[in-house]
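What follows is each chain in one-letter form.
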Amino acid sequence: MSGRIIVLKFGGTSLGSAGRVRRAAARIAAHVSRGRRPVVVVSAAGRTTDLLVRRLSAVAPGGRPDAREADRALATGEDLSAALLAAALAGLGVPARSLRGGEAGVRAAGEFCGGRIERVDEGPLLALLESGVVPVVSGFQGARADGETLTLGRGGSDTSAVAIAAALGAECHIITDVSAVHDQDPRTDADARALAEIDPLALVVLAEAGARVVHPEAARRALADRVPLRVYAWWAPLSGRGGTRIRPAAALSEAA
Ligand SMILES: Nc1ncnc2c1ncn2[C@@H]1O[C@H](COP(=O)(O)OP(=O)(O)O)[C@@H](O)[C@H]1O
Ligand SMILES: N[C@@H](CC(=O)OP(=O)(O)O)C(=O)O
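Owing to the predicted nature of the structure, the values given are computational and were not obtained by experimental measurement.

(A) Local environment of the site of ligand 1. Near ligand 1 you find 17 residues, and of these Thr176, Asp177, His182, Asp185 and Arg187 are the closest. Between ligand 1 and Asp185 there is a distance of 2.9 Å, counted from an oxygen atom to a side-chain nitrogen or oxygen. At 3.3 Å, a side-chain N or O of Arg212 approaches an oxygen atom of ligand 1. Calculation on ligand 1 without its partners gives an accessible area of 570 Å², and the protein chains cover 88% of this total. When atom positions are compared with the pocket grids, ligand 1 is found to occupy the largest pocket.

Spelled out as structure tokens, the structure:
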């Protein structure tokens, strides 16, 4: 089955309104109708995580909340996105189920607010795919061996998506708020060029230099685990054309 699995990661801006959640659901449904088996990974909508950080600071002495409770609060942003998107899919007649990171098999290690993904047990996701259900997984979180939820650091949903794709032997699409990976941040540099293709190592270099579009840890994992990536915008055609392909031996080239 692995050849037909595709991991689709929707960033916060891609889920920032009811209309965008419905468009994300339509994109997933389009993949299902083409015979693919999507596994979906979501971020918290819009500025939700920033809001949760502010709310935690407001109730904590000295603005420093207890780390365990901070992680439980922060994880709710992704959980809400997952439930909303699964509900939108059900509304389109596509069976779907929201899962927390730990429920989806994402095993994390480390401390609260600073977890790292140790491994992904593919069993729960494969079981849902086998029964024709689209798993919609909360990114940015995993479960530690003691059952506690750990978040993975800001921007960590990209890492969730790539780790899941690596475990499933699948490609991973990162759906974001820019049309492609550019050679500079297109929001601050009017001359930024969209890249049609880029080598995975070049993506690591861009990400480590601060290009937020793919988290550096996700880029490093894609390189190490040979996960093919694509990056495009939430408003891109549902046909899936355009954006940036990240694959080994791709030359840096400008998008048409
Ligand atoms: N080289 C680059 N190419 C594309 N986007 C970039 C680059 N450098 C920085 N960015 C920024 O990355 C942002 C997308 O990342 P992010 O805000 O984390 O999106 P999401 O909400 O989808 O996770 C874009 O809005 C853009 O401003
Ligand atoms: N919601 C988390 C995780 C994340 O990855 O978000 P996004 O995919 O929107 O960058 C954050 O804001 O850091």
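After presenting the structure, the write-up continues.
(B) Spatial organisation of the packing of aromatic side chains. Applying the stated rule across the entire model yields one aromatic pair. The interplanar angle of 90° and the centroid separation of 5.6 Å between the aromatic rings of Trp234 and Trp235 together place this pair among those described as edge-to-face.

(C) Here's a closer look at the packing of helix α1 (residues 18–33) against helix α3 (residues 67–91). It is the contact of α1 with α3, at a shortest axis distance of 9 Å, that shows an interaxial angle of 60°. By the angle between their directions, the pair α1 and α3 is classed as oblique. Two packed elements cross with a definite hand, and for α1 against α3 that hand is right-handed. For the pair α1 and α3, the contacting residues are Val21, Ala24, Ala25, Ile28 and Ala29 in the first and Leu84, Leu85, Ala88 and Leu89 in the second. When the residues that make up the contact of α1 with α3 are grouped by side-chain class, the tally is nine nonpolar, no polar and no charged.

(D) The arrangement of the site of ligand 2 in detail. As a structural note, the neighbourhood of ligand 2 is formed by Lys9, Gly11, Gly12, Ser43, Ala44, Thr49, Glu78, Phe140, Arg154, Gly155, Gly156 and Ser157. For ligand 2, an oxygen atom lies 2.8 Å from a polar atom in the backbone of Gly155. Computed on the free molecule, ligand 2 has an accessible area of 340 Å², of which 80% lies beneath the protein chains in the complex. Spatially, ligand 2 is embedded in the largest pocket. Here the shell around ligand 2 is composed, by residue class, of two nonpolar, seven polar and three charged.

(E) Inspection of empty space enclosed by the protein at higher detail. Evaluation of the coordinates by the stated rule reveals one cavity of 30 Å³ or more. Among the elements that line the lining of the largest cavity, the one with the most residues is α1, at four residues. When grouped by side-chain class, the residues that make up the lining of the largest cavity number three nonpolar, one polar and three charged.

(F) Representation of the layout of surface pockets in the model. What the largest pocket holds in volume is close to 1,100 Å³. Forming the walls of the largest pocket are 40 residues, and the residues nearest its centre are Gly155, Thr176, Asp177, Arg212 and Val213. Of all elements in the fold, only α2 (48–59), α5 (157–168), β9 (171–176) and α6 (200–208) reach the threshold of two or more residues within the lining of the largest pocket. With three residues, the top contributor of residues to the lining of the largest pocket is β9. Across the lining of the largest pocket, the residue classes tally to 15 nonpolar, 14 polar and 11 charged.

Conventions adopted
Residues numbered from 1 in each chain as written. Chains lettered and ligands numbered in written order. Predicted model: local features only at pLDDT ≥ 70, side-chain atom pairs only at ≥ 80, totals over all residues. Heavy atoms only, no water. Near = heavy atom within 4 Å. Polar contact = N/O pair within 3.5 Å; in protein donor to acceptor, adjacent residues only side chain to side chain. Areas by Shrake-Rupley, 256 points an atom, 1.4 Å probe, with all protein chains shown as cover. 1 Å grid on protein atoms, 1.4 Å probe; cavity = no way out; pocket = protein on both sides within 12 Å on 5 of 7 lines; lining within 4 Å. Sits in = over half its atoms within 2 Å of the grid points. Phe/Tyr/Trp six-rings, centres within 6.5 Å; stacked < 30°, edge-to-face > 60°. Axes fitted to C-alpha atoms, helices over the stretch in contact; angles between N-to-C directions. Helix = DSSP H or I, 4+ residues; strand = E, 2+ residues; numbered from the N terminus. Parallel < 35°, antiparallel > 145°, perpendicular 65-115°, else oblique. Left-handed = near helix turned anticlockwise from the far one by under 90°. Contact = heavy atoms within 4.5 Å. Nonpolar A, V, L, I, M, F, W, Y, C, P; charged D, E, K, R; others polar. Points joined across faces, edges and corners; volume = space filled by probe spheres on them.

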